[in-house]
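# Structural characterization, general
If you want the building blocks of each chain, they are given just below.
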Amino acid sequence: MPGIEKLPIDETLEDSPQTRSLLGVFEEDTAAMSNYCTQLYQAMNRIYDAQNELSAATHLTSRLLKEYDKQRFPLGGDDEVMSSTLQQFAKVIDELSSCHAVLSTQLADAMMFPITQFKERDLKEILTLKEVFQIASDDHDTAINRYSRLSKKRDNDKLRAEVVEDVYTSRKKQHQTMMHYFCSLNTLQYKKKTALLEPLLGYMQAQISFFKLGSENLTQQWEDFLGTIGTSVQNVRREMEEEVGQMQQTIQQMERSCDPLYAPCDPDPVHSPVCRSLTRKQGYLYIRNKTGLVSSSWERQYFFTQGGNLMQQGRGEVAGGLVTDLDNCSVMAVDSDDRRFCFQVTSFDGKKVNQSALEAVTPSPSFQQRHESMRPSRTGRASSISSVGSEPSPALSVLSLDALVAPETPIQFDIISPVSEELSGQSKAAAQSGRRSNPFGESGDGTAEDSEDSILHQLFIVRFLGSMEVRTTESVDVISETMRQILAARAIHNIFRMTESHLLVTCDCLKLIDPQTQVTRLRFPLSSVIQCSSHQDNKRLFGFVLESPGGRAVCYIFESNNDGEKICDSVGLAKQIAFHSEMDRKAVEKRKEEDKAKEKQQEELSKQRQIEKDLEEQSRLIAASSRPANPPPSDGQFLVLSNSQSEDSDAGGEDGKKKGESEA
């Protein structure tokens, strides 16, 4: 190929300064090419990694679209049009995912393989030959220096023969190494052109094949479908804008009409006359609860009347609970030192309920419609328990409920560490040694240090409702069924006390911490948390299923001040971070193993070089012992020889030496 510079291999024996200067130019060119090839390899590797990520993300998107029918949206309903549309999108995106996977394979074979071979094999071979040539050149210089320092007065035939043999061996080794080094450098001038063009050629061919395959999949039918979907999206957007405008007008009208109702005092009877024909009232009242023998506190709650009963409902609760039966009670106004407008509800058994109506009780038809089918949940009647949780799904028959939770499974309403029994022996030993034992089963062996190194730290205020053993961890209804049974048991046995804790979510574990003493009550390894979900209706309720090493599965139910879905999302995020951290750790270990393998390979290479050196030394000794000693030249002849003549004489005698070696 014209225009490619070459090193003269026939001038390697002379080793002139011009040859060495030209060799330096080739070495600088090789170093620059190695640096540029490394940068190009990194850029192409980024293209390959991005293509793999795009292929995986496209496949995940298609899978999520296919699972839309399995999702249970509280307000979604059965939208068959939306479901069928997403299924069609999933189909075409799945085809595109296949195209991306084919493109990733083609990039690996046609783009990454050639440049990797050039970088890892050809360039490293040049560096290895350079090191070997430098060693041979240094040995030759040392041998020549030793030969030139032979004394004329103290002529020793044996020493002179050894020096001559050393010069012969080192010059031969330098010559052979230099020729191979020059050959590799000349070959590199051709390889660097192919190494740059082959990956680019493979990349362009893979892209052309990808676009052709995509154009075959995206036919005119899909273009018409996308046009129809675009029109539907515009119609939905237009309807949304109209609905937003109507809601803004409703808000303005409500603000003008409800302005007199914002005042805490009674409204003007002229503008809003009192209606005495109401059959139902609802609103916020303050109820007085005794906190001691003398002291008491007022708590703001929502009350409403329903069928002659006074009902109470807390914020975030789906259904209300029964307070008392108004048909069997008397109501009278009373005076209070710290509240206004107080009245007292007294039942026939003498139980009193003191309340202060600070806010107007107004009828609300929407609220009445909302609670038409709801029954009270805080009574001792078993028929009202099912209104606390969500109704079981139709698929949960009697057999399926028994498959989730055993019929007579004991329920634990207080926080007791599952490892307390296992650590009983340790706690006894600690008591004998005078150390304070942890009543909550905390090991105290540095678990706090694990959470300090975690990336994720989120703290939530939760209240423990109960836990019970479950039979399966695969069903998505196991948590909702456990919630139903625990809430039903609490209502039947009148258990209202709940232990408040701080739930700390990290990438390693879930911790229940005492808010007063900051002692870890329970510690759940994140790897043992199988699933976590919130209540379908009451989002403050959530739970998770924990699988113990013995194969037992326990479901824990909590109530939080925040949205339970946020806590479940935090647990899911922690599991994802833990998964990626584990993958990074495995990658680091794999990289360390590769480094060890490379070090071992270098040691094997050095051993091989030492063996070759020993073999050459043995061959040199054998050749020296088999060749007769040359007659010593006269002193006059030795003095008048110049450097060039000495080298010519050595070159002329090289054939004889080679013949001696062959005979040996």
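Higher on the page you've got the structure.
Summarised in this report is the structure supplied together with it. The structure displayed is predicted, hence computed values, not measured ones.

## Details of the nonpolar core
Of all hydrophobic cores here, the largest spans 26 residues; its most connected members are Leu 7, Leu 23, Met 44, Phe 118, Tyr 181 and Leu 185. Those elements giving two or more residues to this core turn out to be α1 (17-66), α2 (80-148) and α3 (157-217). In terms of residues, this core owes the most to one element, α2, which gives 11 residues. One finds Leu 456, Phe 460, Phe 524 and Tyr 556 within the second-largest nonpolar core, a separate group that totals 25 residues.

## Things to note about the packing of α2 against α3
Contact geometry of α2 with α3 gives a least axis separation of 7 Å together with a crossing angle of 170 degrees. Here α3 runs roughly antiparallel to α2, going by the angle between their axes. Crossing hand, α2 versus α3: left-handed. Classifying every residue of the contact of α2 with α3 gives 31 nonpolar, 14 polar and 13 charged.

## Things to note about the packing of α3 against helix α10 (residues 564-626)
The interhelical angle for the contact between α3 and α10, taken along N-to-C directions, is 135 degrees, at an axis separation of 11 Å. Between α3 and α10, the crossing angle belongs to the class labelled oblique. Seen from above, α3 lies across α10 with right-handed handedness. Judged by residue contacts, Glu 162, Glu 165, Asp 166, Thr 169 and Lys 173 of α3 engage Glu 616, Arg 620, Ala 623 and Ala 624 from α10. Looking at the contact of α3 with α10 residue by residue, the classes come out as 2 nonpolar, 1 polar and 6 charged.

## Comments concerning α2
The end-to-end C-alpha separation of α2 is 98 Å, in line with the 102 Å expected for 69 residues at 1.5 Å each. By the largest-angle criterion, Met 112 marks the main kink of α2, which is about 40 degrees, and a proline, Pro 114, follows within four residues.

## As for the pairing of strand β14 (residues 541-547)
One face of the sheet, then the other: side chains in a regular strand alternate in exactly this way. Burial runs high along β14: 6 of the 7 residues are buried. As paired elements, β14 and strand β15 (residues 553-560) share 7 bridges and run antiparallel to each other. Across the sheet, Phe 542 pairs through a bridge with Phe 558, a residue of β15. Taken together, β14 and the strand that follows it, β15, pair antiparallel across an intervening segment of 5 residues, in which Gly 551 is found at a positive phi of about 95 degrees.

## Looking at the environment of Ser 83
By the secondary structure assignment, Ser 83 is in helix α2. Taking C-alpha positions, Ser 83 is 6.9 Å from Tyr 68, a pair spaced 15 residues apart along the chain. If we ignore the near neighbours within four places in the chain, the residues touching Ser 83 are Tyr 68 and Asp 69.

## Some remarks on the environment of Asp 414
Mapped onto the secondary structure, Asp 414 falls in the loop between β8 (411-412) and α7 (424-432). Classification of Asp 414 as partly exposed rests on a relative accessible area of 34%. Each C-alpha atom, one on Asp 414 and one on Thr 499, is 7.1 Å from the other, the two residues being 85 residues apart in sequence. Sequence-distant contacts of Asp 414, that is, excluding residues within four places in its chain, are made with Phe 464, Arg 497 and Thr 499.

## With respect to the pattern of salt bridges
Per the stated rule, a full pass over the model turns up 21 salt bridges. Measuring nitrogen to oxygen at the nearest pair gives 3.9 Å for the salt bridge that ties Lys 173 to Glu 616. Of the two residues, Lys 173 sits in helix α3 while Glu 616 sits in helix α10, which places them 443 residues apart along the sequence. Judged by relative accessible area, which is 24%, Lys 173 ranks as partly exposed.

## Quick notes on the packing of aromatic side chains
For the structure on display, the rule yields 11 aromatic pairs. Between Phe 524 and Phe 544 the ring centres are 5.3 Å apart and the planes differ by 70 degrees, which places this aromatic pair in the edge-to-face class. Linking Phe 524 in strand β12 (residues 520-525) with Phe 544 in strand β14, this pair joins segments that are 20 residues apart in sequence. Looking at Phe 524, the relative accessible area reads 1%, which means it is buried. Ring geometry for Phe 542 against Phe 558: centres 5.6 Å apart, planes inclined by 20 degrees, an arrangement best described as stacked.

## With respect to the side chain of Thr 346
Position of Thr 346 among the secondary structure elements: in strand β6 (residues 342-347). At a separation of 3.1 Å, a polar atom in the side chain of Thr 346 contacts the side chain of Gln 344.

## Re the state of the cysteines
For the coordinates displayed, the defined rule picks out 0 disulfides. As a non-bridged cysteine, Cys 532 has Cys 568 as the owner of its nearest cysteine sulfur, 3.2 Å distant. Judged by its relative accessible area of 12%, Cys 568 is buried.

## Observations concerning unusual backbone geometry
Positive phi values are uncommon outside glycine, yet Asp 15 reaches one of about 55 degrees. As for its position among the elements, Asp 15 is in the segment before α1. A positive phi angle, close to 55 degrees, is found at Phe 341, a residue other than glycine. Here Phe 341 shows up in the loop between β5 (329-334) and β6. What makes Phe 341 partly exposed here is its relative accessible area of 46%.

## Considering α10
Look at α10: 93 Å from first C-alpha to last across 63 residues, which is about the 93 Å you get at 1.5 Å a residue. Of all the positions in α10, only Gly 564, Ile 567, Cys 568, Ser 570, Val 571, Ala 574, Ile 577, Arg 620 and Ala 623 are classed as buried.

Rules of the game
- Each chain carries its own residue numbering, running from 1 in the written order of its sequence.
- Reporting in this predicted model follows two pLDDT cut-offs: at least 70 for local features of residues, and 80 or more for side-chain atom pairs to be given and counted; totals over whole chains, interfaces and linings ignore these cut-offs and use all residues.
- Excluded from the side-chain calculation are hydrogens and water; included are all heavy atoms of the structure.
- In this text, buried Ala, Val, Leu, Ile, Met, Phe, Trp, Tyr and Cys residues form a nonpolar core when linked through side-chain atoms within 4.5 Å.
- The classification of residues rests on relative accessible area computed with a 1.4 Å probe and restricted to protein chains. Under 20% of the type maximum is buried, over 50% is exposed, and intermediate values are partly exposed.
- For helices the rule is a DSSP run of H or I covering at least 4 residues; for strands it is a run of E covering at least 2, with both sets numbered from the N terminus onward.
- Note on geometry: axes are C-alpha line fits, over the in-contact stretch for helices, and angles between N-to-C directions span 0 to 180 degrees.
- In these notes the angle categories are as follows: under 35 degrees is roughly parallel, over 145 is roughly antiparallel, 65 to 115 is roughly perpendicular, and the rest is oblique.
- Take the far helix as your reference; a near helix turned counterclockwise from it by less than a right angle gives a left-handed crossing, and one turned clockwise gives a right-handed crossing.
- Residues are sorted three ways: Asp, Glu, Lys and Arg are charged, Ala, Val, Leu, Ile, Met, Phe, Trp, Tyr, Cys and Pro are nonpolar, and all the rest, Gly among them, are polar.
- Any two residues whose heavy atoms approach within 4.5 Å are treated as being in contact.
- Here the expected length of a helix is defined as 1.5 Å per residue gap, with one fewer gap than residues.
- The angle between axes fitted to the seven residues ending at a residue and the seven residues starting there is what we call the bend at that residue.
- Whether two strands pair depends on DSSP finding at least two bridges between them.
- Between Lys or Arg on one side and Asp or Glu on the other, a salt bridge is scored when a side-chain nitrogen of the former is within 4 Å of a carboxyl oxygen of the latter.
- For Phe, Tyr and Trp, rings pair up if their centres lie within 6.5 Å, where Trp contributes its six-membered ring, and each pair is then called stacked (planes under 30 degrees apart), edge-to-face (over 60) or tilted (otherwise).
- Pairs of N or O atoms within 3.5 Å make up the polar contacts considered here, provided that, within protein, one atom can donate a hydrogen while the other can accept it, and that residues adjacent in sequence are counted only when both atoms are side-chain atoms.
- What counts as a disulfide here is a pair of cysteine sulfur atoms lying within 2.5 Å.

Shape descriptors only; they carry no functional weight alone.
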